[in-house]
Amino acid sequence: MLDGALLARSAAAGFTLVPGVMTPTEVNRARALGCAIVKLFPATTVGIGHWRRLRDPLGAPLPFCIAAGGLKPSDVLPWLEAGVDAVALGASLGGGDQGAAMAPLAAEPLRQLLAALPTRP
């Protein structure tokens, strides 16, 4: 949630708050409020090209973007290639349904993802 008062309180307490954004208006407001990092949520709803499509109408620089919400390990590389800066994974790491209790960590998809990620300095 993008809340200016909450952002100010967290900054005063020395915490970085990462607000969720979805619409161009929310992204622009987050930038105006000084947010260096935002969470694009729910990522699966807006689609993989959403963040890149915001660049032209909003202009650079956009905040650092973490795509979150319904993504799986197999989604990470395509989303990074589509222009987001990071991808958050949650319930999909258990390999079960999102509505179900968290299953044991599904290690093989993560191993494959880690092997495929480019090395960064």
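Residues numbered from 1 in each chain as written. Predicted model: local features only at pLDDT ≥ 70, side-chain atom pairs only at ≥ 80, totals over all residues. Heavy atoms only, no water.

**Here's the deal with the pairing of strand 2 (residues 37-40)**
Stage number 1. Across the two faces of strand 2 the burial differs, with Val38 and Leu40 buried and Ile37 and Lys39 not buried at all.
Stage number 2. Taken together, strand 1 (residues 20-21), helix 2 (residues 24-32) and strand 2 form a β-α-β motif whose crossover is right-handed.
Stage number 3. Where strand 2 lies against strand 3 (residues 64-67), four bridges are found, and the strand directions are parallel. Counted as the bridge partner of isoleucine 37 is phenylalanine 64 from strand 3. (Buried < 20%, exposed > 50% of the residue type's maximum accessible area, 1.4 Å probe, protein only. Helix = DSSP H or I, 4+ residues; strand = E, 2+ residues; numbered from the N terminus. Right-handed = clockwise from strand over helix to strand, strands pointing away. Pairing = 2+ DSSP bridges.)

**Re the pattern of salt bridges**
Stage number 1. Enumeration according to the criterion identifies one salt bridge in this entry.
Stage number 2. For lysine 72, the salt bridge identified is with aspartate 75, shortest N-O distance 3.7 Å. (Salt bridge = Lys/Arg side-chain N within 4 Å of Asp/Glu carboxyl O.)

**Notes on the pairing of strand 3**
Stage number 1. Of the two faces of strand 3, only the one carrying Cys65 and Ala67 is buried; Phe64 and Ile66 on the other face are not.
Stage number 2. Two elements, strand 3 and strand 4 (residues 86-87), share two bridges in a ladder whose sense is parallel. Bridge pairing links alanine 67 to valine 87 in strand 4.
Stage number 3. Each parallel crossover has a hand, and for strand 3 linked through helix 5 (residues 76-81) to strand 4 it is right-handed.

**Overview of the nonpolar core**
Stage number 1. Within the largest apolar cluster, 19 residues are counted, with the highest numbers of intra-cluster contacts made by Val27, Trp51 and Trp79.
Stage number 2. Counting residues per element, the ones that place at least two in this core are helix 2, strand 2, helix 3 (43-46), helix 4 (50-58) and strand 3.
Stage number 3. Among the elements that make up this core, the one with the highest residue count is helix 4 (three residues).
Stage number 4. Ignoring anything within four residues of it in the chain, the contact list for valine 27 reads Val21, Trp51, Leu54, Leu58, Leu62 and Pro63. (Core = buried A, V, L, I, M, F, W, Y, C linked by side-chain atoms within 4.5 Å. Contact = heavy atoms within 4.5 Å.)

**Points about the environment of leucine 77**
Stage number 1. Within the fold, leucine 77 resides in helix 5.
Stage number 2. Residues leucine 77 and proline 118, spaced 41 residues apart in sequence, show a C-alpha to C-alpha distance of 9.3 Å.
Stage number 3. Residues in contact with leucine 77, not counting those within four places in the same chain, are Leu113, Ala116, Leu117 and Pro118.

**As for the packing of aromatic side chains**
Stage number 1. Scanning the model with the defined rule gives zero aromatic pairs in all.
Stage number 2. One cation-aromatic arrangement involves lysine 39 over phenylalanine 41; the distance from NZ or CZ to the ring centre is 4.9 Å. (Phe/Tyr/Trp six-rings, centres within 6.5 Å; stacked < 30°, edge-to-face > 60°. Lys NZ or Arg CZ within 6 Å of the ring centre and 35° of its normal.)

**With respect to the sheet that holds strand 1**
Stage number 1. With respect to topology, four strands assemble into an open sheet ordered 1-2-3-4, the strand pairing being parallel. Whereas interior strands pair on both sides, the edge strands pair on one side only; in this sheet they are strand 1 and strand 4.
Stage number 2. When strand 1 meets strand 2, the two strands line up parallel, connected through two bridges. From the neighbouring strand, valine 21 faces strand 2, where its bridge partner is leucine 40.

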